[in-house]
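Residues per chain, in single letters:
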There are 2 protein chains.
Amino acid sequence: MADTDDNLAIERADRPSSQRKITKILAAARAEFFGNGFSASSIEAIAARAGVSKVTIYSWFKSKENLFAEMVKGECAHLSQNFVDENLESKGVREVLIDTAENMLDFLTRDERVRFDRILAAEVSRDPRVGKYFLDNGPRALLQNLATLLQSAMDQGKMQSSDPIASAEMFVGLVKGHLDLLLRYGEKIDLTADQRRARAARAVDAWMLIHQK
Amino acid sequence: MADTDDNLAIERADRPSSQRKITKILAAARAEFFGNGFSASSIEAIAARAGVSKVTIYSWFKSKENLFAEMVKGECAHLSQNFVDENLESKGVREVLIDTAENMLDFLTRDERVRFDRILAAEVSRDPRVGKYFLDNGPRALLQNLATLLQSAMDQGKMQSSDPIASAEMFVGLVKGHLDLLLRYGEKIDLTADQRRARAARAVDAWMLIHQK
DNA sequence: ATAAAATTGAACGGTTACGTTCAATTAAAA
DNA sequence: TTTTAATTGAACGTAACCGTTCAATTTTAT
């Protein structure tokens, strides 16, 4: 990212009105970047949408690149909520896994995420740091959580694995299939609650079958 | 796409020199679009790279959008080679599946494909038809092939499935895991032949376990 | 109230790029 | 050879956009 250590944007914003404007700028940036990608979005349009002067944007964010990076940061924080169900005690193993898979599917099919995926991946060539930042704060952390959950599930159930991370990756693969691909290329997919649950259950059952003792 | 029925670019190219230039233009377009994405690439740069006048480009391709679409077409044809191994008779079931999985992994990790994925997905918002075109000529066809192969394998082996397409999707999911995600976001992954084979074998064994009678 | 910081609008210079026009040149077909 | 099509370079009009400067105005802290 442009600045991991020095958060230029937020630190200096003593004034509450400034804080408000920064928020509006980031929201406008999000909307523009999501709609047009990085290159095709203009600072002027972002300023107009935010109801803010162009100079104000440049005063808080040094450059277009920086604004984009800062927007990505916020989006990562917003998107990377954990969907791993951890109530292993109260529910049964299979139930917890299915709920987790359902959360994953819900997350995957969110239009917001799909568009974020598209524009962010496109900018990796321009600035590889945004890709790394996203991986570290998103998928990587989630896979670790998932591995931990699966390990616990294996301890409780009649399952085993030599490599929890590989098992977690299989879990992810079984749940996703090529759904993410279809979505990324514009396929409209809105699963009903039943469809989502059915798909989750199929993936979980397959996964459990693989990991049975 | 801009033109699925009337192939403006190729049809009218009687002259062999024109044919040559069209090829060079498409190659240059590929390089530029792959490097900078659609918006950040300029027709002028493409013309320069192709060693061709800008007017020539506009004479064969009506617009930048059209040039991009035409480039995508060519790339789809080039990338969508079938990697499904069909020698079920000569080799054993497991061997054929592993070879197929290996081919998939080889394809997935090709830098060319990764970059294509990035720029194409980014343009889906601008023109959804490119996404649909790609899906129809790439993944969709491949999944069908794979389903057919798996069905044959199931007939020969001690396996079964009620839904071949769903089984094929699981196969894909198991092989890919989240490798495609890592690659898309800039992770450098070059599997050795051994690693590739090991991963393919793991996926295949898991898949066979799921589908055992 | 006064001082300090933030914001604004407008304008500027410089750059880039799309797509078109045209007369001149080159290459190919008849 | 003649005729037809393709190609070129250069220029043009138009538009967009980045990032900066500046004087004027508004907002906030003290």
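Note that the structure is predicted; figures quoted are calculated from it, not measured. (Residues numbered from 1 in each chain as written. Chains lettered and ligands numbered in written order. Predicted model: local features only at pLDDT ≥ 70, side-chain atom pairs only at ≥ 80, totals over all residues. Heavy atoms only, no water.)

> Talk me through the packing of helix α9 (residues 139-156) of chain A against helix α10 (residues 164-176) of chain A; I want residue IDs and the actual numbers.
All names here are of chain A. Where α9 meets α10, the closest approach of the two axes is 8 Å, and the angle between their N-to-C directions is 105°. With respect to α10, the element α9 is oriented roughly perpendicular. Side by side, α9 and α10 meet where Leu143, Gln144, Leu146, Ala147, Leu150 and Gln151 of the first sit next to Pro164, Ile165, Ser167, Ala168, Glu169, Phe171 and Val172 of the second. Residue classes in the contact of α9 with α10 are distributed as 9 nonpolar, 3 polar and 1 charged. (Axes fitted to C-alpha atoms, helices over the stretch in contact; angles between N-to-C directions. Helix = DSSP H or I, 4+ residues; strand = E, 2+ residues; numbered from the N terminus. Parallel < 35°, antiparallel > 145°, perpendicular 65-115°, else oblique. Contact = heavy atoms within 4.5 Å. Nonpolar A, V, L, I, M, F, W, Y, C, P; charged D, E, K, R; others polar.)

> Just give me the short version of the domain arrangement of chain A, but keep the residues and values in it.
All names here are of chain A. Each assigned domain of chain A is listed with its residue range as follows: domain 1 (8-71) and domain 2 (80-210). Taking only C-alpha atoms, the centre of domain 1 and the centre of domain 2 are 32 Å apart. In this complex, domain 1 contributes 8 residues to the contact, which on the side of domain 2 involves 8 residues. With both sides pooled, the region where domain 1 packs onto domain 2 buries about 750 Å², and carbon together with sulfur makes up 70% of that total. Looking at the side of domain 1 facing domain 2, the largest losses of area belong to Phe34, Phe38 and Phe68, adding up to 67% of the total buried there. (Domains from an automatic or database assignment. Buried area = accessible area lost by both parts, 1.4 Å probe.)

> Quick rundown of the protein's contact with DNA strand D? Include the residues and the values.
A:Lys54, A:Tyr58, B:Ser53, B:Thr56 and B:Trp60 are the nearest of the 20 residues found near DNA strand D. Here A:Ile43 contributes a backbone N or O atom positioned 3.1 Å from a phosphate oxygen of DNA strand D. Those elements that place two or more of their residues in the surface near DNA strand D are α2 (16-36), α3 (43-50) and α4 (54-60) of chain A together with α2 (16-36) and α4 (54-60) of chain B. Classifying every residue of the surface near DNA strand D gives 7 nonpolar, 7 polar and 6 charged. (Near = heavy atom within 4 Å. Polar contact = N/O pair within 3.5 Å; in protein donor to acceptor, adjacent residues only side chain to side chain.)

> I'd like to hear about the packing of α2(A) against α3(A), residue by residue, with values.
Residue and element names in this part refer to chain A. Orientation of α2 relative to α3, taken along the N-to-C sense of each, is 125°, at an axis distance of 8 Å. One finds that α2 runs oblique with respect to α3. Seen from above, α2 lies across α3 with right-handed handedness. When α2 is examined against α3, the residues Lys24, Ile25, Ala28, Ala29, Ala31, Glu32 and Phe33 are found in contact with a partner set consisting of Ala45, Ile46, Arg49 and Ala50. For the contact of α2 with α3, the class distribution of residues is 8 nonpolar, no polar and 3 charged. (Left-handed = near helix turned anticlockwise from the far one by under 90°.)

> Tell me what's going on with the side chain of A:Lys176, and back it up with residues and numbers.
For A:Lys176, the location among the structural elements is in helix α10. When neighbours within four sequence positions are excluded, A:Lys176 is seen to be in contact with A:Leu108, A:Arg199, B:Glu169, B:Gly177, B:His178 and B:Asp180.

> A description of the protein's contact with DNA strand C should follow, citing residues and the corresponding values.
Around DNA strand C sit 18 residues, and of these A:Ser53, A:Thr56, A:Trp60, B:Lys54 and B:Tyr58 come closest. When atoms of DNA strand C within 4 Å of the protein are sorted by moiety, sugar and phosphate together comprise 73%. Within the side chain of B:Lys54, a nitrogen or oxygen atom sits 2.7 Å from a base oxygen of DNA strand C. Of all the secondary-structure elements, those providing two or more residues to the surface near DNA strand C are α2 and α4 of chain A together with α3 (43-50) and α4 of chain B.

> A description of the side chain of B:His211 should follow, citing residues and the corresponding values.
Residue and element names in this part refer to chain B. Assignment of secondary structure puts His211 in the segment after α12 (193-210). Engagement of the side chain of His211 in a polar contact is seen with the side chain of Ser167, the distance being 2.7 Å. Dropping the residues within four chain positions of it, His211 is found in contact with Met154, Lys158, Met159, Gln160, Ser161 and Ser167.

> Which residues make up the environment of A:His211, and what values do they have?
Judged by its relative accessible area of 5%, A:His211 is buried. A polar contact is formed between the side chain of A:His211 and the backbone oxygen of A:Trp207, at a distance of 2.8 Å. (Buried < 20%, exposed > 50% of the residue type's maximum accessible area, 1.4 Å probe, protein only.)

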